Amino acid sequence: MNVPWPDDAVHKRLTDQRSQGYDEKLEKRRQAGPRSTADWDEEIEKAYARVQERETGETNSRLRLRRGNPPSASASSAGVSTPSRRSKRSSPALTVSSRDKSISAGPLPKRGRGRPRINSTPTSSPGLSATTLSSFSRKGKLAALTPSSAGSSSMEIEAPQTTLPSVIISQPTLRGRISSTWNKAAKEVMAAMVRISPNISDENFPRHLRKFKYMETGYVFRDKGLQDNFNVPRGTFTVCDCMTCSDASGCSCRDLSEIYDLKDKTNVFAYSEGLFTFEVPRGVDVIECNKYCGCGNDCGNRVAQRPRDISIEIFDTNRCGWGVRAMNDVPRGKIIGTYAGVLVRRDEVDELPEEHHGYLFDLDSTEVRNSENLGEKYTVDSYECGNWTHFVNHSCSPNMEVYCVVYDTIPYVNMPYVAFVASTDIAAGRELTIDYFPHTETNRKGKQPANRGDCKCDSEVCRGWFKR
Ligand SMILES: C[S@@+](CC[C@H](N)C(=O)[O-])C[C@H]1O[C@@H](n2cnc3c(N)ncnc32)[C@H](O)[C@@H]1O
């Protein structure tokens, strides 16, 4: 039996229109070509702005109905993150020195400026074992990122929706664009995400960071002569032939490191199951296997050279300028990354502009052992180019330390990388910090650096100053 649908014609028309719309959409997609992931960060920012706008509207509407609150109060009680102004950037002078594997500070001779020196000795600083972490809480972060969460009690109100959610197609912010560019650079070398937090607004974006070249690893050489140190001939590398590097006593790369078990003095690698063992004595660089060794990427003596797999967010601490936090939990001993930037001769450091001085890291790990030494000494300047480590703040109870590691070149040229390792288990969302002057504890009665800044680290054992 044929039962005619009364609205058959309407049904057919709607179906036709839908199918036509679908075809047009498909055609547009085809013309646009394959979708790239390059703009994901921007897409996420746009979506975030839309959700924020919509939910702010909804919450305002609900709260107005319930309490008669003015819109601005409603927004803040809903946990909507209002971009905070970035605290004024002091001209920081973090000169990180791995000299005697400690952060030590001393004024630059000509300018009278102190430069914090990073101690790469993992076990030497009592402060490093402290577990107090920075005051930035995970909860705070989540509240800021999920505007609707604070308003969940408004579910009690069964009021009709009086405002339509507004949809804004926002232009990508400056922060969004730069965040995306940096993240792209990280992805190119297979590193995990790096992003700039939405708690940083465009107007608080310092001019020099707009041109900052994000470079996940390595050094840039302005001087071709310095670069040659990284182009040393194959024959000068020590190469192991152990294939899997499972036996510490048989690996020539490990032999070069001179790392021993601190108790029984047997040969050990610097890593166990991918984590730093903290058994490396002061003044000793870790020598990892290099490109000429027979072992593969899964070799246990290749750790700092692997791509970073902890996601990083750069954010405004509201205390110490911008800082860094991990977006994953980080276990103790995990290598998070290495310092990157322009490699300069140490005796050229005083010629660098003042604002660079807070972003310098001396590569002097071996100087403690060979005071005579040593040929040329070098410093890494991350002011104009580098990676997330550019933003690592000082804490008197840090949760990372540094050590020096060599794998791209030979140890004798004094150009190790500086690896940042978690010195305690770190929960996702915690700020990642180092001590700019870690041997302070051993020098408690001794001298303090001449050039000190007021420390705002919030640690319970804050000494009140940090080494500039
Ligand atoms: C290597 S930079 C760290 C990143 C820096 N916060 C930024 O926004 O670029 C060092 C500078 O950060 C600031 N800073 C780092 N740790 C601090 C602390 N505990 N207290 C106060 N300021 C700090 C100081 O201005 C210092 O000179």
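Residues numbered from 1 in each chain as written. Predicted model: local features only at pLDDT ≥ 70, side-chain atom pairs only at ≥ 80, totals over all residues.

Here the focus is the overall build of the protein chain. Within the protein chain, the regular secondary structure consists of 8 helices and 22 strands. Among the 468 residues that make up the protein chain, the fraction classed as buried is 43%. In the protein chain, of all internal contacts separated by at least 6 residues, the share reaching a separation of at least 24 is 74%. (Helix = DSSP H or I, 4+ residues; strand = E, 2+ residues; numbered from the N terminus. Buried ≥ 20, exposed ≤ 12 C-beta atoms within 10 Å, placed from the backbone. Contact = placed C-beta atoms within 7 Å.)

A few words now on the environment of Met 415. With respect to the helices and strands, the residue Met 415 is situated in the loop between strand E18 (400–406) and strand E19 (417–422). A sequence separation of 10 residues divides Met 415 from Val 405, and the C-alpha atoms of the two residues are 9.1 Å apart.

Time to look at the nonpolar core. If you look at the biggest cluster of nonpolar residues, it comprises 78 residues, and the most contacted ones within it are Cys 240, Ile 314, Ile 336, Tyr 403, Val 405, Ala 419 and Val 421. In contact with Ile 314, not counting residues within four places along its chain, are Ile 196, Ser 197, Trp 322, Val 324, Trp 388 and Phe 391. (Core = buried A, V, L, I, M, F, W, Y, C linked by C-beta atoms within 7 Å.)

Let's shift gears to the sheet that holds strand E11 (residues 322–326). The mixed open sheet is built from 3 strands, whose spatial order is E4-E10-E11. Looking at strand neighbours, the two that pair on one side only are strand E4 (194–196) and E11, the edges of this open sheet. With direction set aside, neighbouring strand axes in the sheet form an average angle of 25°. (Pairing = 2+ DSSP bridges. Axes fitted to C-alpha atoms, helices over the stretch in contact; angles between N-to-C directions.)

Attention now moves to the pairing of strand E15 (residues 378–381). Of the two faces of E15, both are covered, the one formed by Tyr 378 and Val 380 as well as the one formed by Thr 379 and Asp 381. Bridging between strand E13 (residues 341–345) and E15 involves 4 bridges; their strand directions are antiparallel. If you follow Val 342 over to E15, its bridge partner there is Asp 381. Pairing analysis gives 4 bridges linking strand E14 (residues 360–363) to E15, with the strands arranged antiparallel. If you follow Leu 360 over to E15, its bridge partner there is Asp 381.

What follows concerns the pairing of E18. Of all 7 residues in E18, 7 are buried; the element is thus mostly enclosed. Both faces of E18 are covered, namely the face carrying Met 400, Val 402, Cys 404 and Val 406 and the face carrying Glu 401, Tyr 403 and Val 405. Sheet analysis places strand E9 (residues 286–287) next to E18, joined by 2 bridges and oriented parallel. Paired with Ile 287 across the strands is Val 406, a residue of E18. Where E18 meets E19, 6 bridges bridge the pair, whose relative direction is antiparallel. Pairing of Cys 404 across the sheet is with Val 418, part of E19.

Right, let's get into the sheet that holds E9. Taken together, 4 strands build an open sheet; the order of strands is E9-E18-E19-E12 and the sheet is mixed. Strands at the two margins of the open sheet, each flanked by one partner only, are E9 and strand E12 (335–338).

On to unusual backbone geometry, then. Most peptide bonds are trans, and most residues other than glycine sit at a negative phi. Residue Phe 278 is not a glycine yet carries a positive backbone phi of 65°. Mapped onto the secondary structure, Phe 278 falls in the loop between strand E8 (275–276) and E9. Phi is positive for Asn 414, which is not a glycine, with a value near 60°. Summarising the element assignment, Asn 414 is placed in the loop between E18 and E19. Using a count of 24 C-beta atoms within 10 Å as the deciding quantity, one classes Asn 414 as buried.

Taken residue by residue, the protein chain gives an average pLDDT of 71. The fraction at 70 or more is 59%. This model gives residues 58–160 a pLDDT under 50, and the stretch forms 263 contacts once residues within four places in sequence are excluded. Predicted complex, confidence summary: ipTM 1.00, pTM 0.68. (pLDDT = per-residue confidence, 0-100.)

What follows covers helix H5 (residues 174–188). Taking 1.5 Å per residue, 15 residues should reach 21 Å; H5 reaches 21 Å between its end C-alpha atoms and fits that length. If you check which residues of H5 are buried, you get Arg 175, Gly 176, Ile 178, Ser 179, Ser 180, Trp 182, Asn 183 and Ala 186. (Expected span 1.5 Å × (residues − 1).)

Assignment of secondary structure puts Ala 304 in the loop between E9 and strand E10 (312–316). A residue is classified by how many C-beta atoms lie within 10 Å of it, and Ala 304, with 26 of them, is buried. Sequence separation between Ala 304 and Cys 404 is 100 residues; the distance between their C-alpha atoms is 9.8 Å.

Here the focus is the environment of Gly 323. The residue Gly 323 is located in strand E11 in this model. You can call Gly 323 buried: it has 23 C-beta atoms within 10 Å. The sequence separation of Gly 323 and Leu 432 amounts to 109 residues, and the corresponding C-alpha distance is 7.6 Å. Setting aside chain neighbours within four positions, we find Gly 323 in contact with Phe 315, Thr 317, Phe 391, Asn 393 and Glu 431.

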